[in-house]
Amino acid sequence: MRSSFAALFMAGLMSAHSGPAGAAGATPAAAARDPRLPPSEDAARAALDTSPRHGEYVEIRLPGGGSTLRAWVVFPERRDKAGVVLIVHEIYGLSDWIRGVADQLAREGFIAIAPDLLSGFGPGGGGTESVASRDSVVQMIRLLSDRETEARLDAAREYATHLTASNGKLATLGFCWGGGKSFAYAGADPPPDAAVVFYGVAPDSAGLSRVRAPVLAHYGGDDARVTSTVAPAQAALRGLGRSYEPHVYPGAGHGFLRAQDLRDGANLKATREAWPRTLAFLRRYLK
């Protein structure tokens, strides 16, 4: 698997690649961070450095033996057992920002686990941290198959729900590429207890037909590539009697939770509305 993946990756490097969505435009001076919200990308490292919570990297054995999945796990400070949130990272891999989101979820009382889905595929058998550039990470992740991704999410799920501090319930939460994977994983067998989608495209009709978990989804109003999939998904899931709650935030762009300082306040406004909704949804299904 690794050798064929590497060959595909090297071939992919020869093709053109567009830069990160939402990267263009000047960034205004950052205001003081609201500790009730996840950090923006620029504030993530400082948030991690000052967090009082216990976070650690773990190695999870993958089916078949030999390979392991590296994951970042953060534990809440609470006396009873907690629900688990399985974070599916963006197309940029396991970054400080994703780890910062995990820490924020732990602040709210959840066990958060963020697997590096590129584990073993980077130079020297490394993961995201071993890849030289963000563009290269993007191209590598685009070559991950749906089957490989789901198998790795299954392994992280198995590990996290059997932690002694876990109450056995789990929701997925994904961003961008990972948002689409979180939506698709709502159709896993067995399904998670819930799924949260941040600006990820909906599955195709076959994938939608498998959805069983309740889905909460957040979209930027100025992200038509993604929001164009909302109405068809809503109609299909309504017809199947499934729970799908989409929210579209006017003026916000793709990746608004990471890029909170952009789009003249629209991204921050969207974050302030989407995050409390996310917490309420998670508490409802993971208690």
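Only a predicted model underlies this, so the values are computations on that prediction, with no experimental measurement involved.

Chemist: Summarise empty space enclosed by the protein; cite the residues concerned and give the values.
Modeler: For the structure on display, the rule yields one cavity of 30 Å³ or more. Forming the walls of the largest cavity are Tyr-249, Pro-250, Ala-266, Lys-269, Ala-270 and Glu-273. Per-element tally for the lining of the largest cavity: the top contributor is helix H10 (residues 266-286), with four residues. Considering only residue class, the lining of the largest cavity consists of four nonpolar, no polar and two charged.

Chemist: Requested: an account of the sheet that holds strand S8 (residues 244-249), with residues and values cited.
Modeler: Spatially, S1-S2-S4-S3-S5-S6-S7-S8 is the arrangement adopted by the eight strands of the open sheet, whose pairing is mixed. Of all strands in the sheet, those with a lone pairing partner are strand S1 (54-61) and S8, marking the two edges. Sheet twist, expressed as the mean angle between neighbouring strand axes with direction ignored, is 20°. Two elements, strand S5 (residues 166-175) and strand S6 (residues 194-198), share five bridges in a ladder whose sense is parallel. Paired with Phe-175 across the two strands is Phe-198, which belongs to S6. Relative to S8, helix H9 (residues 230-239) is tilted by about 160°, and along the sheet it contacts strand S7 (215-220) and S8. Docked against the sheet, H10 engages strand S3 (82-88), S5, S6, S7 and S8, running at close to 170° with respect to S6.

Chemist: Could you give an account of the packing of aromatic side chains, naming the residues involved and the relevant values?
Modeler: We describe a pair of aromatic rings using the distance from one ring centre to the other and the angle between the two ring planes. This structure, assessed with the given rule, holds 10 aromatic pairs. Lying across the ring of Tyr-57, Arg-70 places its NZ or CZ 3.7 Å from the centre. Here the basic side chain of Arg-99 rests over the ring of Trp-72, its NZ or CZ set 4.4 Å away from the ring centre.

Chemist: Tell me about H9, and name the residues and values.
Modeler: What H9 keeps buried is the set Val-230, Ala-233 and Leu-237. Taken down its axis, H9 places every buried residue within 65° of arc, on the same side. Those residues of H9 that are exposed and angled more than 90 degrees off the buried face are Ala-231, Arg-238 and Gly-239. In this structure, the buried side of H9 is in contact with helix H6 (177-185), helix H7 (205-210), S7, helix H8 (224-227) and S8.

Chemist: Give me the lowdown on the nonpolar core, citing residues and values where you can.
Modeler: Of all hydrophobic cores here, the largest spans 36 residues; its most connected members are Ile-87, Leu-105, Phe-175, Phe-198, Phe-256 and Leu-282. When contributions to this core are tallied by element, the ones reaching two or more residues are strand S2 (68-75), S3, helix H3 (96-107), strand S4 (111-115), S5, S6 and H10. The leading source of residues in this core is H10, at seven residues. Among all residues touching Phe-198, those that are not within four sequence positions of it are Leu-173, Gly-174, Phe-175, Cys-176, Gly-179, His-218, Phe-256, Leu-257, Ala-274, Trp-275 and Thr-278. Counting residues in hydrophobic clusters, the runner-up holds 33 residues, among them Ile-60, Tyr-92, Val-131 and Leu-144.

Chemist: Which residues make up the pattern of salt bridges, and what are the values?
Modeler: Evaluation of the coordinates by the stated rule reveals 16 salt bridges. Asp-96 serves as the salt-bridge partner of Arg-45, at 3.5 Å between the closest nitrogen and oxygen. Of this pair, Arg-45 sits in helix H2 (residues 44-50) while Asp-96 sits in helix H3, and the two are 51 residues apart along the sequence. On the basis of relative accessible area, Asp-96 is assigned to the partly exposed category, the value being 31%. The residue Arg-78 makes a salt bridge to Asp-80 at a minimum N-O spacing of 2.7 Å. Accessibility expressed as a relative area gives 45% for Asp-80, which makes it partly exposed.

About the criteria used
- Residue positions are given per chain, counting from 1 as you read along its sequence in written order.
- Per-residue local features of the predicted model are confined to residues with pLDDT of at least 70, and side-chain atom pairs are confined, for both listing and counting, to 80 or more; whole-chain, interface and lining totals are unaffected and use all residues.
- Excluding hydrogens and water, the side-chain values take into account all heavy atoms of the structure.
- Put simply, the grid is 1 Å and covers the protein atoms alone, a cavity is a trapped set of points that fit a 1.4 Å probe, a pocket is an open set with protein on both sides within 12 Å along at least five of seven lines, and lining residues have an atom within 4 Å of a point.
- Grid points are joined across faces, edges and corners, and a volume is the space filled by probe spheres set on the points.
- Each helix is a run of H or I in the DSSP string that is no shorter than four residues. Each strand is a run of E no shorter than two, and both are numbered from the N terminus.
- The residue classification treats Ala, Val, Leu, Ile, Met, Phe, Trp, Tyr, Cys and Pro as nonpolar and Asp, Glu, Lys and Arg as charged. All others, Gly included, are polar.
- Here the rule is simple: two strands pair whenever DSSP picks up at least two bridges between them.
- A fitted line through C-alpha atoms represents every axis, and for helices the fit uses only the stretch in contact; the resulting angles, taken between N-to-C directions, go from 0 to 180 degrees.
- In this analysis, two residues are considered to be in contact whenever any of their non-hydrogen atoms come within 4.5 Å of each other.
- To pair, rings of Phe, Tyr and Trp, with the six-membered ring standing in for Trp, must have centres within 6.5 Å; the planes then decide the type, stacked if under 30 degrees apart, edge-to-face if over 60, and tilted in the middle.
- In this scheme, Lys NZ or Arg CZ marks a charge over a ring once it lies within 6 Å of the ring centre and within 35 degrees of the ring normal.
- Only protein chains enter the calculation, and the probe is 1.4 Å; a residue is then buried if its accessible area is under 20% of its type maximum, exposed if over 50%, and partly exposed in between.
- Arc definition: it is the arc formed by the directions from the helix axis to the C-beta atoms.
- Residues belong to one nonpolar core when they are buried, are Ala, Val, Leu, Ile, Met, Phe, Trp, Tyr or Cys, and are joined through side-chain atoms within 4.5 Å.
- Salt bridges, as used here, are contacts in which a Lys or Arg side-chain nitrogen is within 4 Å of a carboxyl oxygen on Asp or Glu.

Don't take any of this as a statement about function, it's just geometry.
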